[in-house]
Amino acid sequence: MTCIDYISRLPEAGELPFPRTLVLLGATGSIGTSALAVIEAHPDKFRVLGLAGARNVERLARQAARHRPPFLAVLDEERAAALKSLLPAGYAPEILTGPAGYATIAALPAAQVVLSAMVGAAGLESTLAAVQAGKVVALANKESLVLAGDLIRAAARASGAVILPVDSEHNALFQAMAGHGSHALRRLILTASGGPFRDKDRAFLDAVTPAQALKHPNWSMGAKISIDSATLMNKGLEVIEACHLYGLPVEMVDVLVHPQSIVHSLAEFEDGSQLAHLGPPDMRIAIAYCLAHPHRLALDNATLSLASLGSLTFATPDVEKFPCLQLAMDAAAVMTASGSPTEHGHAAGNGACVVLNAANEVAVAAFLDGRCRFLDIARLVEAAVASWRRTGPFGPLDLQAILTLDADARALAARCLDLLPACLPTGMPE
Ligand code: NDP
Ligand code: MG
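Caption draft 1: Broad picture of the overall build of the protein chain. Within the protein chain one finds 17 helices and 12 strands. In terms of C-alpha radius of gyration, the protein chain reaches 21 Å, essentially the compact-globule figure of 22 Å for 430 residues. Dimensions of the protein chain, computed from C-alpha atoms along their principal axes, come out at roughly 55 × 55 × 50 Å. Scored against the burial criterion, the 430 residues of the protein chain give a buried share of 56%. When contacts within the protein chain are restricted to residue pairs at least 6 apart in sequence, long-range pairs at least 24 apart make up 71% of them. In the form shown here, the protein chain has an accessible surface area of approximately 17,000 Å², with 55% of it arising from carbon and sulfur atoms. Seen as two clouds, the 33 positive and the 41 negative side-chain charges of the protein chain have centres 5 Å apart.

Caption draft 2: Representation of the side chain of Thr28. Relative to the elements of secondary structure, Thr28 occurs in the loop between β2 (20-25) and α1 (30-41). Sequence-distant contacts of Thr28, that is, excluding residues within four places in its chain, are made with Thr33, Ala52, Gly53, Ala54, Asn56, Arg59, Leu60 and Gln63.

Caption draft 3: Inspection of the coordination of the magnesium ion (ligand 2) at higher detail. Here the magnesium ion (ligand 2) is held by Asp167 (OD), Glu169 (OE) and Glu238 (OE), and the distances to it run 2.1 to 2.2 Å. If you list the donors of the magnesium ion (ligand 2) from N- to C-terminus, the spacing comes out as D-x1-E-x68-E.

Caption draft 4: Summary view of the confidence of the model for the protein chain. Averaged over every residue, the pLDDT of the protein chain is 94; the share at 70 or more is 96%. In this model residues 422-430 is a low-confidence stretch, pLDDT under 50, and it forms 17 contacts with partners more than four residues away in sequence or in other chains.

Caption draft 5: Local environment of the site of ligand 1. Taken together, 25 residues lie around ligand 1, and Thr28, Ser30, Arg55, Glu143 and Gly222 are the ones closest in. One nitrogen or oxygen atom from the main chain of Gly26 is found 3.3 Å from an oxygen atom belonging to ligand 1. Contact distances for ligand 1 include 2.9 Å between an oxygen atom and a backbone N or O atom of Asn56. Alone, ligand 1 offers 890 Å² of accessible surface; in the complex the protein occludes 87% of this. Mapped by element, the contributors of at least two residues to the shell around ligand 1 are α1 and α6 (142-159). By residue class, the composition of the shell around ligand 1 is 13 nonpolar, eight polar and four charged.

Caption draft 6: Structural detail: the pattern of salt bridges. Throughout the structure, instances matching the rule amount to 23 salt bridges. A salt bridge links Asp199 to Arg198; its shortest N-O distance comes to 3.4 Å. On the basis of relative accessible area, Asp199 is assigned to the exposed category, the value being 62%. With relative accessibility at 33%, the residue Arg198 sits in the partly exposed group. The partner of Asp282 in a salt bridge is Arg284, with the nearest N and O atoms 2.8 Å apart. A cluster of three or more residues bridged by salt bridges with shared partners is formed by Lys142, Asp167, Glu169, Lys235 and Glu238.

Caption draft 7: Here's a closer look at the packing of aromatic side chains. Taken as a whole and assessed by the stated rule, the structure comprises eight aromatic pairs. Centre to centre, the rings of Tyr6 and Phe174 are 5.4 Å apart; their planes meet at 45 degrees, and the pair counts as tilted. Taken together, the residues span a long stretch of sequence, with Tyr6 in the loop between β1 (2-3) and β2 and Phe174 in helix α7 (residues 168-176) at a distance of 168 residues. Pairing Phe174 with Tyr289 gives two aromatic rings, centres 6.5 Å apart and planes at 75 degrees, and the pair type is edge-to-face. Of this pair, Phe174 sits in helix α7 while Tyr289 sits in helix α12 (residues 283-292); the two residues are 115 residues apart in sequence, bridging distant segments of the chain. Each of the two residues, Phe174 as well as Tyr289, counts as buried. Clustering of aromatic rings is evident, with ring pairs tying together Tyr6, Phe174, Tyr246 and Tyr289. Above the face of the Phe204 ring, Lys200 is positioned so that its terminal group lies 4.9 Å from the ring centre.

What counts as what
- Residues numbered from 1 in each chain as written.
- Chains lettered and ligands numbered in written order.
- Predicted model: local features only at pLDDT ≥ 70, side-chain atom pairs only at ≥ 80, totals over all residues.
- Heavy atoms only, no water.
- Helix = DSSP H or I, 4+ residues; strand = E, 2+ residues; numbered from the N terminus.
- Rg over C-alpha atoms; globule rule 2.2 N^0.38 Å.
- Buried < 20%, exposed > 50% of the residue type's maximum accessible area, 1.4 Å probe, protein only.
- Contact = heavy atoms within 4.5 Å.
- Areas by Shrake-Rupley, 256 points an atom, 1.4 Å probe, with all protein chains shown as cover.
- Lys, Arg positive; Asp, Glu negative; His and termini not counted.
- Charge placed at Lys NZ, Arg CZ, Asp CG, Glu CD.
- Donors = N, O, S within 2.8 Å, 3.2 Å for Na, K, Ca; no water.
- pLDDT = per-residue confidence, 0-100.
- Near = heavy atom within 4 Å.
- Polar contact = N/O pair within 3.5 Å; in protein donor to acceptor, adjacent residues only side chain to side chain.
- Nonpolar A, V, L, I, M, F, W, Y, C, P; charged D, E, K, R; others polar.
- Salt bridge = Lys/Arg side-chain N within 4 Å of Asp/Glu carboxyl O.
- Phe/Tyr/Trp six-rings, centres within 6.5 Å; stacked < 30°, edge-to-face > 60°.
- Lys NZ or Arg CZ within 6 Å of the ring centre and 35° of its normal.

Pasting the structure below:
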């Protein structure tokens, strides 16, 4: 029998009164702008204390002019100066910069809820800062759990932070499992749309262009997660995310292809019951659920009509065609080999997951720049993880060791990239 060991203490009903004071990390991205749409639809419920972006200072300036938070953060001093010049007269927030600035804004004493929605490993340190400061963390940045789930679990236990999953599958599971804290769980089933190339063959995949890969059939998302959805690496990262959120070995997390993206995930219990969460593919639902938890906010989305849809379909994922999913499941298996995390983290450590994520970020950026082909993404990740299997480091890693391994794996992936044959996708200038 497996009891659910959620990553943080579960939030108590009505703990945080409204209006809640929010900091949004990754405010200028897809999740960040959807979060602001939720906040703007419920102005009596939220106060924006801080907004962090990176390079899109024009968008950040517009958001800041509307919400007037006393704190902003951007990537560097140059962007800070540009941002300052775009702000309305009479409004002079404190502008923080770089990873240290992001960590500061994430841990502001007055912040009650922190949305972690930066993309990639860049979100790790600010997420950890928010968790260490004991915040309610609405977590979209799945990469921070992939890199450092054990550290985040330990930090949440120490600080009393509450982690609420924004990722739609994990949010679905969180909702489906509400009230089942001590019941026996058999497995979690993460649904996957299958991405834009679900029905395509390998020859097609070999010639895929960035523009084709960016066109997700159901969701509108940032570039990196859109490519991850096309390779199914996103689902692999989500399997690792689920292992950390619920303290489960990878054998208890399954993936089910569901092209309509209506059933967002399912939890199966020992009596054979499967509890699912359904809804339209709209990230505002998961975001609002986290920002207002345990309350629900009204949203102006279309009502889901199952009668109009007529049928929902499901299939097993094809890991031969989409090897990134298998690579991520293998990395999760290395990490969770010793079962649920102990007080000191997973005994086998998360080195494989760190390397997998780093190589994937390098490969996705290269694919988007036309420097490698779609199928090279999996090849680069596989090469990097194979190298780690020979050299380690093995065992639990602290933050510094994770950051070092991340940097080393990026350097290795960049070298592998240079060794690829001339490889621009068909249809792009040679
Ligand atoms: P976007 O690419 O749309 O936005 C990314 C955000 O991160 C932007 O605000 C960007 O700033 C900021 N950013 C980029 N680089 C850095 C950096 N080096 N340091 C700090 N901030 C940086 O991504 P999404 O909103 O799509 O995704 C964000 C996270 O949420 C990802 O981890 C993703 O996996 C997860 N997620 C997203 C979903 C979605 O529907 N979009 C669904 C589920 C999870 P700027 O633009 O100003 O440069
Ligand atoms: Mg998801």
